[in-house]
Amino acid sequence: MKPPPSPSSARALLPSPPIFLCLVSVALVAVVYLVAFPGDLKLQEVFSSLPCSNRAVAGRSATPATVDFRLFLGVLTRPEYYERRALLRLAYSLQPPPRNAVIDVRFVLCRLDKEEDRVLVSLEAAAYGDVVVLNCTENMNDGKTHKYFSTLPRLLAGDGDNPAYDYVGKTDDDAYYRLATLADSLRGKARREMYHGFLFPCDIPREYQFMAGFGYIVSWDIAEWIAATPELWEDGRDKGRPEDILFGEWLHKGGKFKNVYGERPRMYDYMDAEMHVNLTCCRHELRADPGTVTIHKLKDRLKWARTLRFFNATQGLKPSKMFPVEL
Ligand SMILES: *[C@@H]1O[C@H](CO)[C@@H](O)[C@H](O)[C@H]1NC(C)=O
Ligand SMILES: *[C@@H]1O[C@H](CO)[C@@H](O)[C@H](O)[C@H]1NC(C)=O
Ligand SMILES: *[C@@H]1O[C@H](CO)[C@@H](O)[C@H](O)[C@H]1NC(C)=O
C-alpha cells in the first residue's frame, strides 16, 4: 500500500501547465456535451480519450494490477459549493488507494444555470476531470437521485455484456467514504441485486427499511433496471417524500431487495465530545476498529479536520523551512 503523499508532493496532484491546457480544451467540451447531448456521449470515452494522464484527482484512477471490481461513486452536490468540492478532492486524493479495486469518485451536478457557474465549474471540470452534469434542475427530493441512477447506464455503457462498472454509488457532500475500507467490505459480496449502505430506520422490520441517503451502493443491474423502468419515478413523485426512501421502496416492490448489506456500525454520523449530543444508532465517536467505511454529517471544516487527523491523513507530514507543520 502506498503511503499518502506528503504535502510537498501534493503539488504533483495538480496538472502541470501543458496538461492543464489540454484538459481545458477537452473537458470543457465534455461538460458542454454532457448537458447538451447526454445520449450521444459516453463519459468513459471522453475521459479515457484524454491525452492527459492526470485525469481524476478525486479517487484514484490508476488501475491496479488485479481489479476485483469497479465502482463509480457520485457525490451529489450543487454548483455553488466550490469549497466543499475542494475539501473533498483533498480528502480523497490523500487516501491510500483501495486494494485491487477501482473506485472513481465524481461530483454530480444538475444543469449549470448561472453564468458564473457555467464558466467556473467548466474550468474546474477541465482541471480535474471529475464533474458530471445531468439534465435536471437542482433539487432535494425531486428526482436528482433518480436522474443520476437512470442516466449512468447510458453515460457509462461498457462494451456489450461488460459494463464499465460493477457497482454504482451515491453519496452526499457532507459524507466521507474511506475507499480502502469500503473496497474490502465490498469484496466478495454479491454482484447482482446488491444494495449496500446504512439500513434505516435502525430497529424496524427489514421490509420497511431503506439505505440512508448519505451513502449507498447498488450493483450495475439495479441501475440498469431503474433506467429501464421510468414508472418507478413517475408513480412515486407525488408523494413528496425523500427520494432515498422511495429508492428503498422501488427495490422492495420490484423484488430487488435481495442482497442487502447494512454496514452499521461502520457507517455513522460524526460525533465528538464537544457536541453535547447523545449516542444513537446512527451516531457515535470516530472509530478505528472495526474499520470505518463512511462518516456522515461533516458539516464544517473543523469536523473535516478532526476526521482527517483521526484517520491518519496527517501522519508522516514533514515540516520544512517553508512550512513548519504544527498540528
Ligand atoms: C432535458 O430534459 C428536459 C425535460 O425532461 C427535456 O425536455 C430536454 O429535451 C432534455 N435535454 C436534453 C439535451 O436531453
Ligand atoms: C442525553 O441524554 C440525557 C439522559 O437521557 C438527557 O438528559 C439529555 O437531555 C440528552 N441530551 C441531548 C442533547 O439530547
Ligand atoms: C493511526 O496510526 C496510529 C499509529 O500508527 C495507529 O495506532 C492508529 O490505529 C491509526 N488510526 C487509524 C484510524 O487507523
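Residues numbered from 1 in each chain as written. Chains lettered and ligands numbered in written order. Predicted model: local features only at pLDDT ≥ 70, side-chain atom pairs only at ≥ 80, totals over all residues. Heavy atoms only, no water.

Novice: Just checking my understanding: could you explain the layout of surface pockets for this structure?
Specialist: Roughly 770 Å³ of volume is contained in the largest pocket. Lining the largest pocket are 29 residues, with Met140, Lys170, Asp172, Gly213 and Asp244 sitting closest to its centre. Looking at the lining of the largest pocket, the elements that each hand over two or more residues are helix 6 (144-155), strand 4 (167-172), strand 6 (194-200), strand 7 (210-219) and helix 10 (243-253). Broken down by element, the lining of the largest pocket gets its largest block of residues, four residues, from strand 7. Among the residues making up the lining of the largest pocket, the classes are represented as 11 nonpolar, six polar and 12 charged. (1 Å grid on protein atoms, 1.4 Å probe; cavity = no way out; pocket = protein on both sides within 12 Å on 5 of 7 lines; lining within 4 Å. Points joined across faces, edges and corners; volume = space filled by probe spheres on them. Helix = DSSP H or I, 4+ residues; strand = E, 2+ residues; numbered from the N terminus. Nonpolar A, V, L, I, M, F, W, Y, C, P; charged D, E, K, R; others polar.)

Novice: How should I be thinking about the pairing of strand 4 in this particular structure?
Specialist: Side-chain direction in a regular strand flips from residue to residue, so the side chains alternate between the two faces of the sheet. Judged by how many residues are buried, strand 4 sits mostly within the fold: five of six residues are covered. As paired strands, strand 1 (residues 69-76) and strand 4 are joined by six bridges and run parallel to one another. When the bridges of strand 4 are listed, Gly74 appears paired with Lys170. Pairing between strand 4 and strand 7: five bridges, direction antiparallel. Within the sheet, the bridge partner assigned to Gly169 lies in strand 7 and is Ile217. (Buried < 20%, exposed > 50% of the residue type's maximum accessible area, 1.4 Å probe, protein only. Pairing = 2+ DSSP bridges.)

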